[in-house]
Amino acid sequence: MRYYNDYFREHEINCLSICLDDASTEELGNATFPEIEKTLARANRGQIFEELVILQKCNCVEIYTISKKEKGTVIREKMIAFWKKYSKKFEICYIPKIRSIKGEKVFEHLFETACGMRSLHLGDSQVLSQVKKARQASFESNVIGPVLDTLFSYARIVDNRVREETQFHNGQTSIERSVGSYLIKNANRKEKIGVIGMGQTGKLILKTLIEEGFKNILITNRTARLSKEISKKFGIESILFK
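Below is a short write-up of the structure.

Thresholds, definitions, all that
- Residues numbered from 1 in each chain as written.
- Predicted model: local features only at pLDDT ≥ 70, side-chain atom pairs only at ≥ 80, totals over all residues.
- Heavy atoms only, no water.
- Buried < 20%, exposed > 50% of the residue type's maximum accessible area, 1.4 Å probe, protein only.
- Helix = DSSP H or I, 4+ residues; strand = E, 2+ residues; numbered from the N terminus.
- Pairing = 2+ DSSP bridges.
- Right-handed = clockwise from strand over helix to strand, strands pointing away.
- Phe/Tyr/Trp six-rings, centres within 6.5 Å; stacked < 30°, edge-to-face > 60°.
- Axes fitted to C-alpha atoms, helices over the stretch in contact; angles between N-to-C directions.
- Salt bridge = Lys/Arg side-chain N within 4 Å of Asp/Glu carboxyl O.
- Parallel < 35°, antiparallel > 145°, perpendicular 65-115°, else oblique.
- Left-handed = near helix turned anticlockwise from the far one by under 90°.
- Contact = heavy atoms within 4.5 Å.
- Nonpolar A, V, L, I, M, F, W, Y, C, P; charged D, E, K, R; others polar.

All right, on to the pairing of strand 6 (residues 217–221) then. Of all five residues that make up strand 6, five are buried, and the element is covered over most of its length. Side chains of strand 6 alternate between two faces, with Ile 217, Ile 219 and Asn 221 and Leu 218 and Thr 220 buried alike. Relative to strand 6, strand 5 (residues 193–196) is paired through four bridges, and the arrangement is parallel. For Gly 194, the partnering residue across the bridge sits in strand 6 and is Leu 218. For the segment spanning strand 5, helix 9 (residues 200–211) and strand 6, crossover handedness is right-handed. Direction of pairing for strand 6 relative to strand 7 (residues 237–240): parallel, over a ladder of four bridges. Residue pairing in the sheet places Thr 220 in a bridge with Ile 239 of strand 7. In this fold, the crossover linking strand 6 to strand 7 by way of helix 10 (residues 224–234) has right-handed handedness.

Below, the structure is given as structure tokens:
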């Protein structure tokens, strides 16, 4: 605790988050970082932040930073400028929809996120792997340091305790499994089932449907190449999303 207090007299930990609670699906898509490795590499070369982790989930995009020189409004503006420069198509009008979290509240926020408490599907078991992936990407790009590395490592420990000591993760704990379970019980397998979007969630839903024996499936995606690759792989129909 003494180390923590001494460290954060000089440093500040921040998180900026944009979620589907406040933004539309299109706005969230525009706020994503499509080439995360390149983005982190640029941040490393420019030494923009002392530490940086970018966490992207199906319902939010978040930037975590450690800074010493800039604090308060200054670091927030710097983080937003980074977002505008490297994201897909960040717009000025998104700024009021960004949630700003700092200090010890960041710890609480990340731990709740890792446990699936801030997911579209409460208790989503896929989130922890996304947290691990975000930490690993920052580690490989050399933009994570002792504080964020420890914080993201502890997120796994907190999630394990929640699993062991509570019933929070009981039942269907992922969107794709819930969708699969619903369709198994209610869908006519002769009818065509459509899956819109071949992002991470869409792919997992498709995988679940195929594992459960559904064959009459139609997929659609904005990227025609990806739709064709997936449809060819699984022998299913695809159309271009417009």
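A separate point is the packing of aromatic side chains. A full pass over the atoms with the stated rule returns seven aromatic pairs. For the pair Tyr 64 and Phe 152, a centre-to-centre distance of 5.2 Å together with 85° between the ring planes defines the contact as edge-to-face. Remark: Phe 152 occurs in helix 7 (residues 146–165) and Tyr 64 occurs in strand 3 (residues 60–67); sequence separation between them is 88 residues. Among the aromatic residues, those joined into a cluster by ring pairs are Phe 33, Phe 49, Phe 82, Trp 83, Tyr 86, Phe 90 and Tyr 94.

Here four strands make up an open sheet; going across it, the order is 2-3-1-4 and the pairing antiparallel. The sheet is open, and its two edges are formed by strand 2 (51–56) and strand 4 (99–102), each paired on a single side. Pairs of neighbouring strands in the sheet enclose a mean axial angle of 15°, with direction left out of account. Note that strand 1 (residues 12–19) and strand 3 share eight bridges and pair antiparallel. Its bridge partner being in strand 3, Leu 16 is matched across the sheet by Ile 63.

Tallying each qualifying case throughout the model produces nine salt bridges. The salt bridge partner of Lys 192 is Glu 237, with a shortest N-O separation of 2.7 Å. Highlighted residues: Lys 192 in the loop between helix 8 (175–186) and strand 5 and Glu 237 in strand 7, separated in sequence by 45 residues. Judged by relative accessible area, which is 38%, Glu 237 ranks as partly exposed. Taken together, the salt bridges that share partners define one network made up of Asp 21, Asp 22 and Arg 99.

Remark: helix 9 packs on helix 10, axes separated minimally by 13 Å, with the N-to-C direction vectors making an angle of 15°. As judged from the angle between their axes, helix 9 and helix 10 are roughly parallel. Regarding helix 9 and helix 10, the two cross each other, and that crossing is right-handed. Two secondary-structure elements touch here, helix 9 through Lys 203, Leu 206 and Ile 210 and helix 10 through Leu 226, Ile 230 and Phe 234. When its residues are assigned to classes, the contact of helix 9 with helix 10 shows five nonpolar, no polar and one charged.

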